[in-house]
Amino acid sequence: MDSSPESESIPPPPETIADLAQACVRFVEKAVGVELDYTQDTLPVLDHYLTSAEEVDDQVLGLLAPACGAYFGEVVRRHVGEGTWEHPEDYQGWKLTLESASVSFNPVGVALEVATQQDAPGWSAHFKVPEADREPAREAVDRLGEVPEDQYYTFSVRFEVLESVHAALRRVSEP
């Protein structure tokens, strides 16, 4: 697992999240031959893995999306050095909240969007911020420039956008 200083300063994830994220690591290593290490550098490999299947049926997607979403959420949490998981039985209700920036999203929803290359209504895949923080978040996203639709539906770009929004909102909240 990632041994960066950020990952050492945060508590381990809930067991369900840890188990699913490790399942993702195993799935990718078996299919692609690359071991994911919980860093953002591995997200292009995860993108390739999830989008390279010819056709993924609902049953397979029901297994892959939670595993890939848990892994993605853990990459985010370890990178920013914080984050709280809510993980009810229903994956649609999952949420990762980055308290220092008041950003939340459902990593499983992100995985569904990456897998299907389209929005997943009702899955809360888009980053949610309080009303008062929406303008600085919008400005952070605008600074990144236009993103082609085929790149928008990747873990790599979602991570880059989240990283930018998180940094901007942390700057705004500093005294």
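Residues numbered from 1 in each chain as written. Predicted model: local features only at pLDDT ≥ 70, side-chain atom pairs only at ≥ 80, totals over all residues. Heavy atoms only, no water.

### Details of the sheet that holds strand E3 (residues 103–105)
Strand order in the open sheet formed by three strands is E1-E2-E3, with antiparallel pairing between adjacent strands. This sheet does not close on itself; its edge strands, each paired only once, are strand E1 (84–86) and E3. Direction aside, the axes of adjacent strands within the sheet are offset by 20 degrees on average. One ladder, built from three bridges, connects strand E2 (residues 95–98) with E3; its direction is antiparallel. Bridge pairing links Leu96 to Phe105 in E3. (Pairing = 2+ DSSP bridges. Helix = DSSP H or I, 4+ residues; strand = E, 2+ residues; numbered from the N terminus. Axes fitted to C-alpha atoms, helices over the stretch in contact; angles between N-to-C directions.)

### Side note on the packing of aromatic side chains
The full count for this structure, using the stated rule, is seven aromatic pairs. Each ring, one from Phe105 and one from Phe127, has its centre 5.2 Å from the other, and the planes form 85 degrees; the classification is edge-to-face. Pair noted here: Phe105 is in strand E3 and Phe127 is in the loop between helix H5 (107–116) and helix H6 (134–144), with a separation of 22 residues, a long-range link. Taking the relative accessible area as the measure of exposure, Phe105 reaches 1% and is therefore buried. Considering the side-chain rings of Tyr152 and Tyr153, the 5.0 Å spacing of their centres and the 80 degrees angle between planes classify their relative orientation as edge-to-face. Among the residues examined, Tyr153 registers a relative accessible area of 7% and is labelled buried. Within the aromatic cluster, the residues linked to one another by ring pairs are Phe72, Phe105, Phe127 and Phe155. Cation over ring: Arg78 sits above Tyr38, and NZ or CZ is 4.0 Å from the ring centre. Its guanidinium or amino end placed over the ring of Tyr152, Arg158 lies 4.1 Å from that ring's centre, counting from NZ or CZ. (Phe/Tyr/Trp six-rings, centres within 6.5 Å; stacked < 30°, edge-to-face > 60°. Buried < 20%, exposed > 50% of the residue type's maximum accessible area, 1.4 Å probe, protein only. Lys NZ or Arg CZ within 6 Å of the ring centre and 35° of its normal.)

### A closer look at the pattern of salt bridges
Following the criterion strictly, the structure yields six salt bridges and no others. Among the ionic pairs, Arg77 bridges to Glu74, the shortest N-O distance being 2.7 Å. A residue pair is termed a helical-turn pair when its members lie 3 or 4 positions apart in one helix, as Arg77 and Glu74 do in helix H4 (residues 58–80) at three residues. Accessibility assignment for this pair places Arg77 and Glu74 in one class, buried. Judged by relative accessible area, which is 0%, Glu74 ranks as buried. Members of the salt-bridge network, linked through shared partners, are Glu74, Arg77 and Arg78. (Salt bridge = Lys/Arg side-chain N within 4 Å of Asp/Glu carboxyl O.)

### So, the layout of surface pockets
The space that makes up the largest pocket amounts to roughly 450 Å³. Contributing to the lining of the largest pocket are 17 residues, with Phe127, Val141, Tyr152, Val161 and Val165 lying nearest its centre. Elements supplying a minimum of two residues to the lining of the largest pocket: H6 and helix H8 (155–173). (1 Å grid on protein atoms, 1.4 Å probe; cavity = no way out; pocket = protein on both sides within 12 Å on 5 of 7 lines; lining within 4 Å. Points joined across faces, edges and corners; volume = space filled by probe spheres on them.)

### Things to note about the environment of Ser124
Its place among the elements puts Ser124 in the loop between H5 and H6. Taking relative accessible area as the criterion, Ser124 reaches 29% and is therefore assigned partly exposed. For Ser124 and Val25, which are 99 residues apart along the polypeptide, the C-alpha to C-alpha distance reads 24 Å. A distance of 3.2 Å separates polar atoms of two side chains, one belonging to Ser124 and the other to Lys128. (Polar contact = N/O pair within 3.5 Å; in protein donor to acceptor, adjacent residues only side chain to side chain.)

### Quick notes on the confidence of the model for the chain
Note that predicted coordinates carrying low pLDDT should not be read in detail. When pLDDT is averaged across the chain, the result is 90; 92% of the residues are at 70 or more. Counting contacts from residues 1–6, a segment whose pLDDT is below 50, to residues more than four positions away or on other chains yields 13 contacts. (pLDDT = per-residue confidence, 0-100. Contact = heavy atoms within 4.5 Å.)

### A short note on the pairing of E2
Bridge count for E1 against E2 is three bridges, and the pairing is antiparallel. Residue pairing in the sheet places Thr84 in a bridge with Thr97 of E2. Remark: four residues form the turn of the hairpin made by E2 and E3, two consecutive strands paired antiparallel; Ser102 in that turn has positive phi of roughly 55 degrees.

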